[in-house]
Amino acid sequence: MPNGKSSSAKSTRCVALVGPQSSGKTSLLEGMLFAAGAISKKGNVADGSTVSDPSPEAKARQMSTEVTPVRFTYLDDNWVVLDCPGAVDLNQDSHQGMLIADAVIVVVEPDANKMLGLGSLLRFLDEHTIPHLLFINKMDTWAGSVRELLSAAQRQSSRPLVLRHIPIMENSQITGYVDHVAERAYHYKLDHPSERIPFEEAPQDAADARRDLLEKLSDFDDALLEKLLEDIEPATEEVYQHLTKDLHGDLIVPVFIGAGEHDHGVRRILKALRHEVPAASATAERLGIPEANVAAQIYKIQYAHHVGRQSLLRLWRGELNDGDTLAGLRVTNIQDGAEPKQGKARMTSVAEGDVFALSKIDAGPAGSVLTDSATLEPGIWASPPPPLYTLAVSATHRKDDVKLGDALRKLCEEDPSLSVHHVSETSELLLSGQGDIHIQLALERVKRKFDLDVQTDRPQVPYRETIRKGTTHHARHKRQSGGHGQFADIKVEINPLPRGSGFTFTDSIVGGVVPKNFIPAVEAGLRGNTAQGPLGFNVVDINVRLFDGQFHSVDSSDQAFRTAGRMAMTDALPDCGPVLLEPIFEVNIYVPTEFTSKVQRAVTQRRAQILNFNTREGWEGWETIQVHMPESEMQDLVTEIRSISQGIGTFESRFDHYQELTGRDADKVVESRKQFLAASRN
Ligand SMILES: Nc1nc2c(ncn2[C@@H]2O[C@H](COP(=O)(O)OP(=O)(O)OP(=O)(O)O)[C@@H](O)[C@H]2O)c(=O)[nH]1
Ligand SMILES: [Mg+2]
């Protein structure tokens, strides 16, 4: 280990289990724990009895809802497995998990359609050169050809897939496998290690698979290529060396098959991990973690009951003991970072590669690298994706409003793909995330962790209004009621302005008919009444010119001129042809080309104007559909795009302009605004 203290304890390696939703990651982990002897009986997802997924949100949905680190020892090697959620809404958590793993196991179902979901994931892994292997799971449900599955998966991977074993089929059922590298054959046995059978019983295509594997490896090694050309069979040990080296460099993707829930292929994959996954020190080099006595990286911030803010970390270099310093702070009360149950256990010492949690250290956001004396920004980290789905949230009890803002800010720190902001125009607090499930989960956490009841609403669309024609108006405010009277008289000209001009005021008073010191009050009165025009919305894109008026030397005041300004707006605007303006977003929708026409139909129904079709840059087989879409039509766009594109399509959007809305759609908006304003007055 360069410059670092050598650790006395054996280092820990870390793999992340990722893959499309419900591909069997949590069940595979259960199988791994059972095979390693860490548990004596396997739990299952259906009754919430797995080691992973301890949270009530995960149990209620029978799905993983956050990364759960679980530790075990297999053949004397220490492992932490990060069981990542497959739901696309929760990608951020999985990305953070993958970035600190030494290798990633991509678990996928034997279904060519579901392989589509691998594309973005494999792209992420390759962009970050993270060593990864593919586990085609649930093979107990598959009776077709493995080659067929492999070519469907290969279409999603820029790296060559290398099949590591082939199945033995009996009566359309997979009953075992041939390891064509070791030249051994096995029969599966439920809940037990597979039973070795004579290699001679192996199917003939094992030889073809071996040849194919060697050819792929020879693409990365000239000496091996020469051997193959001269028909020299490389030794098994040499093949393993190539497999290991090429996995470390993310040059190849080894493919394993099995059925995690039935213990098929589980020990096989554990053995591959044992021999082929890089050590933490090698991963630290890959990530450019600085050389230091100790270096750890925060991979997640978490808030827990009674504990408050916790940093979850992986130790990249050295060994960390109670009392040592990290980021210049004394470390105490180190907690086990891979203890899925609530209430983490204490650790007195952390070995290189292990995961741990610290409560009393406030040393930056997820991604930060901590050495003994400093906090550094990560060279590589997962930037959060743009928001795709938003709800307005409010505390059920008004007294909790401030607490809610605080709780949401903490949740956004836990999960940077959530964001919260206050919109002054509609006085709403908006919570944005990656989809409906994401927001629902966030709100359940608000309830569980912060004991707050929250209600949600569809966010209001910030419609505005303007005018189509100009007018002139004379407003006089005069009141005589004992003492001082009130007097102000103004003449204004109101005119429409081009889109995006906002509200402007022109002072054309000559000869002091309205004294200079009252003019700001007139403007304030005019502006004050733009917040709610005749249609109920903020009035924009108008100019009001004050060109005449009168005053009284005793009765005129700022207040009187403000009132006259307000009256002018209230009385004149209805005569100016008020018209509704709706916000229009520019939306870039990304889907594989085969879904383009369906997307086109869907967006047309949402009153979108299609601007462009383009190939998605750097994404072979994908298209970008660029549209202008009214904000009011975007609420559940992500749900529809995903349902059209087998869950993999996505989009980016940004406000573009305001556009007139007329006819029945406008009438509906104005009517419901009236009802809303009436209800909020009561
Ligand atoms: N037939 C079969 N079913 C399996 C196998 N492994 C898991 N399943 C089932 O697949 C479903 C999903 O399993 P999970 O382990 O929760 O899948 P996951 O990938 O962890 O799901 P998420 O974390 O929510 O993405 C459950 O109903 C499992 O019983 C398998 O090897 N064969
Ligand atoms: Mg899971």
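Residues numbered from 1 in each chain as written. Chains lettered and ligands numbered in written order. Predicted model: local features only at pLDDT ≥ 70, side-chain atom pairs only at ≥ 80, totals over all residues.

A.B. asks: Whenever I open this one, the overall build of the chain confuses me. Can you help?
C.D. replies: When helices and strands are tallied, the chain shows 18 helices and 35 strands. The buried share of the chain, taken over its 682 residues, is 42%. Counting only contacts in the chain whose residues sit at least 6 apart along the sequence, the fraction spanning at least 24 positions is 72%. (Helix = DSSP H or I, 4+ residues; strand = E, 2+ residues; numbered from the N terminus. Buried ≥ 20, exposed ≤ 12 C-beta atoms within 10 Å, placed from the backbone. Contact = placed C-beta atoms within 7 Å.)

A.B. asks: I'm lost on the domain arrangement of the chain in this one. Help?
C.D. replies: Interface size, as often reported, equals the accessible area lost upon joining of the parts. Looking at the chain, the domain boundaries give domain 1 (12-278), domain 2 (285-376), domain 3 (389-457), domain 4 (465-576) and domain 5 (582-666). Just the C-alpha atoms count here: the centres of domain 2 and domain 4 sit 62 Å apart. (Domains from an automatic or database assignment.)

A.B. asks: What exactly am I supposed to notice about unusual backbone geometry here?
C.D. replies: Keep in mind that most residues, glycine aside, have a negative phi and that most peptide bonds are trans. Of note in the backbone geometry, Gln 62 takes a positive phi value of approximately 55° without being a glycine. Since 15 C-beta atoms lie within 10 Å of it, Gln 62 is described here as partly exposed.

A.B. asks: Teacher, can you tell me more about the sheet that holds strand β8 (residues 173-179) here?
C.D. replies: Pairing between the strands of a sheet comes from backbone hydrogen bonds, and it takes one of two forms, parallel or antiparallel. An order of β7-β8-β9-β10 is seen for the four strands of this open sheet, with the pairing classed as antiparallel. Here the strands that pair on one side only, and so sit at the sheet edges, are β7 (166-170) and β10 (192-197). Averaged over all neighbouring strand pairs, the angle between strand axes comes to 35°, with direction disregarded. As judged from the four bridges shared by strand β9 (residues 184-189) and β10, these two strands associate in the antiparallel manner. Bridge pairing links Tyr 186 to Arg 196 in β10. (Pairing = 2+ DSSP bridges. Axes fitted to C-alpha atoms, helices over the stretch in contact; angles between N-to-C directions.)

A.B. asks: Help me out: how do you make sense of the nonpolar core in this one?
C.D. replies: One recurring pattern in soluble globular proteins is that nonpolar side chains are buried together. Val 15, Leu 17, Ala 101, Val 104, Val 106, Leu 134 and Phe 135 are the most contacted members of the largest nonpolar core, which totals 108 residues. No other element matches the six residues that strand β4 (residues 103-108) contributes to this core. Not counting residues within four places of it along the chain, the set of residues in contact with Val 104 comprises Val 15, Ala 16, Val 18, Met 98, Leu 125, Ile 130 and His 132. (Core = buried A, V, L, I, M, F, W, Y, C linked by C-beta atoms within 7 Å.)

A.B. asks: Help me out: how do you make sense of the site of ligand 1 in this one?
C.D. replies: As a matter of local geometry, ligand 1 sits amid 20 residues, with Gly 24, Thr 26, Met 63, Ser 64 and Gly 86 nearest to it. For the shell around ligand 1, the class distribution of residues is four nonpolar, 12 polar and four charged. (Near = placed C-beta within 6 Å. Nonpolar A, V, L, I, M, F, W, Y, C, P; charged D, E, K, R; others polar.)

A.B. asks: How do you make sense of the pairing of β4 when you look at a structure like this?
C.D. replies: For a regular strand, side-chain orientation follows a simple rule: the groups alternate between the two sheet faces. Where burial is concerned, most of β4 is hidden: six out of the six residues are buried. Bridge count for strand β1 (residues 12-18) against β4 is four bridges, and the pairing is parallel. In the sheet register, Val 15 faces β4, and the bridge partner there is Ala 103. By the bridge criterion, five bridges tie β4 to strand β5 (residues 132-136) in an arrangement that is parallel. When the sheet's bridge partners are listed, Ile 105 is paired in β5 with Leu 133.

A.B. asks: Explain the sheet that holds β4 to me, please; I cannot follow it from the model alone.
C.D. replies: Taken in spatial order, the seven strands of this open sheet run β2-β3-β1-β4-β5-β11-β6, and their pairing is mixed. The two strands at the open ends of the sheet, each matched to only one other strand, are β2 (68-74) and β6 (161-163). In this sheet, adjacent strand axes meet at a mean angle of 30° when their direction is disregarded. Summarising the sheet, β5 and strand β11 (residues 253-257) pair through three bridges and their orientation is parallel. Residue pairing for β11: Ile 136 is matched across the bridge by Ile 257. The sheet strands contacting helix α5 (residues 118-127) are β1, β4 and β5, and the helix crosses β4 at an angle near 170°.

A.B. asks: How do you make sense of the packing of helix α1 (residues 25-35) against helix α10 (residues 266-276) when you look at a structure like this?
C.D. replies: Packed helices, taken two at a time, are described by the angle between their axes plus the distance between the axes. Where α1 meets α10, the closest approach of the two axes is 9 Å, and the angle between their N-to-C directions is 80°. By the criterion of interaxial angle, the relationship of α1 to α10 is roughly perpendicular. Touching Leu 28, Gly 31, Met 32 and Ala 35 of α1 are Val 266, Arg 267 and Leu 270, all from α10. For the contact of α1 with α10, the class distribution of residues is five nonpolar, one polar and one charged. (Parallel < 35°, antiparallel > 145°, perpendicular 65-115°, else oblique.)

A.B. asks: Before we go on, may I ask you to explain α1 in this structure?
C.D. replies: An α-helix turns once every 3.6 residues. As a result, residues three or four positions apart point the same way. The buried count for α1 comes to 10 of 11 residues, which makes it a mostly enclosed element. Within α1 the residues assigned to the buried category are Lys 25, Thr 26, Ser 27, Leu 28, Leu 29, Glu 30, Gly 31, Met 32, Leu 33 and Ala 35. Structurally, α1 contributes buried residues whose contacts are with β1, β2, β3 (77-83), β4, β5 and α10. Positive backbone phi, at 80°, marks Gly 37, one or two positions downstream of α1.

A.B. asks: How do you make sense of the environment of Glu 66 when you look at a structure like this?
C.D. replies: Within the fold, Glu 66 resides in the loop between α2 (56-61) and β2. Taking the C-beta count within 10 Å as the criterion, Glu 66 has 22 such neighbours and is therefore assigned buried. Spatially, the C-alpha atoms of Glu 66 and Thr 570 are 54 Å apart, while their sequence positions differ by 504 residues.

A.B. asks: How should I be thinking about the environment of Ala 382 in this particular structure?
C.D. replies: Mapped onto the elements, Ala 382 comes out in the loop between β21 (375-376) and β22 (389-395). Note: C-alpha distance between Ala 382 and Phe 585 (203 residues apart in sequence) is 26 Å. Each residue touching Ala 382, except ones within four places of it in the same chain, is listed here: Gln 92, His 95, Gln 96 and Leu 99.

A.B. asks: Just to check I follow, could you spell out the confidence of the model for the chain for this structure?
C.D. replies: A low pLDDT means the predicted coordinates there should not be read in detail. Averaged over the chain, the pLDDT score is 93; the fraction of residues at 70 or greater is 98%. A low-confidence stretch, residues 1-7 stays under pLDDT 50, and its non-local contacts, those more than four residues away or across chains, total 17 contacts. (pLDDT = per-residue confidence, 0-100.)

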